[in-house]
Amino acid sequence: MTFVFDMGGVLSDIDVPGFMERFRQLMPEKEQCSLDPEVLLAGGGDSFLHDYELGLITTGEALNHFHALCRSDITYEQIRQVWLSELAPVQEGKKALLRRLRQDGHTVCLLSNTNEMHWQYIEPMFCYDGYTLDDHFDHVFLSFRLHLYKPEKPIYDEVCKAVPYDEPVIYIDDAERNRKAGEQKGWKTFENIDALSKAFDL
């Protein structure tokens, strides 16, 4: 089988409310209440972060956009640390599951809407104690590298090109709109690893 995992919300817990609160603390006090999470994060929408996750702007440009919302005394490093705080470290049990699936002969993929800063934070978590990224994934599909974004069809097409055509695909993603796009490909979907583990006795 082919297992396709999302990152944020599946392999790494994601804390959007916590990030928003920490980011507000970097802003001028009079503007903190005006920050709209939907406008800033704009999942699949029209914000600079959407462009950043599509790889259409650089990390430096993204930090410039962030900094324009912050107090003048805030450093780029402070902004970067707050942005990284949205993602929790990947738990060892989840990494061990990925390795075990590969050792059992399954194809394991990562399919993530993400950006360069988040990936530079996450990737080293799979490279430790002699393990490499390749010990965990056969293929890695990242929105900012492909300039493609879930749930749009072309990014799923890229996965289909790379995985064995005769293997059933199991897709784990916390976003319903992304799972529906996978289901249109004939993939069996799960919202989280707990649901996957129960279904396959992992």
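Cut-offs applied
Residues numbered from 1 in each chain as written. Predicted model: local features only at pLDDT ≥ 70, side-chain atom pairs only at ≥ 80, totals over all residues. Heavy atoms only, no water. Phe/Tyr/Trp six-rings, centres within 6.5 Å; stacked < 30°, edge-to-face > 60°. Helix = DSSP H or I, 4+ residues; strand = E, 2+ residues; numbered from the N terminus. Polar contact = N/O pair within 3.5 Å; in protein donor to acceptor, adjacent residues only side chain to side chain. Contact = heavy atoms within 4.5 Å. Buried < 20%, exposed > 50% of the residue type's maximum accessible area, 1.4 Å probe, protein only. Arc of directions from axis to C-beta.

(A) Geometry of the packing of aromatic side chains. This structure, assessed with the given rule, holds twelve aromatic pairs. Between the aromatic rings of Y171 and W187, the centroid separation amounts to 5.3 Å while the plane-to-plane angle is 80°, which identifies the pairing as edge-to-face. Placement of the pair is Y171 in strand β4 (residues 169-172) and W187 in the loop between α10 (176-183) and β5 (188-190), with a sequence separation of 16 residues. Three or more aromatic residues joined by ring pairs form one cluster here, namely F19, F23, F48, F66 and W83.

(B) Quick look at the side chain of K95. Of note, K95 is situated in helix α6 (residues 92-103). A polar side-chain atom of K95 sits 3.1 Å from the main-chain carbonyl oxygen of M125. Excluding anything up to four places from it in sequence, K95 contacts V90, M125, F126, Y128 and H136.

(C) Expanded view of helix α4 (residues 59-68). Those residues of α4 that sit buried are T59, A62, L63 and F66. Taken end-on, α4 shows its buried residues confined to a sector of 100°, consistent with a single buried face. Of the surrounding secondary structure, the elements contacted by the buried residues of α4 are α1 (16-24), α3 (48-53), α5 (76-84) and α7 (116-122).

(D) Expanded view of unusual backbone geometry. The residue after K150, namely P151, is reached through a cis peptide bond having omega 5°. Within the fold, P151 resides in the loop between α8 (143-146) and α9 (153-162). If you check the backbone angles, D129 has positive phi at about 50° while not being a glycine. When its relative accessible area of 71% is taken as the criterion, D129 is described as exposed. The residue H147 is not glycine, and still its phi comes out positive at about 60°. Along the chain, H147 falls in the loop between α8 and α9.

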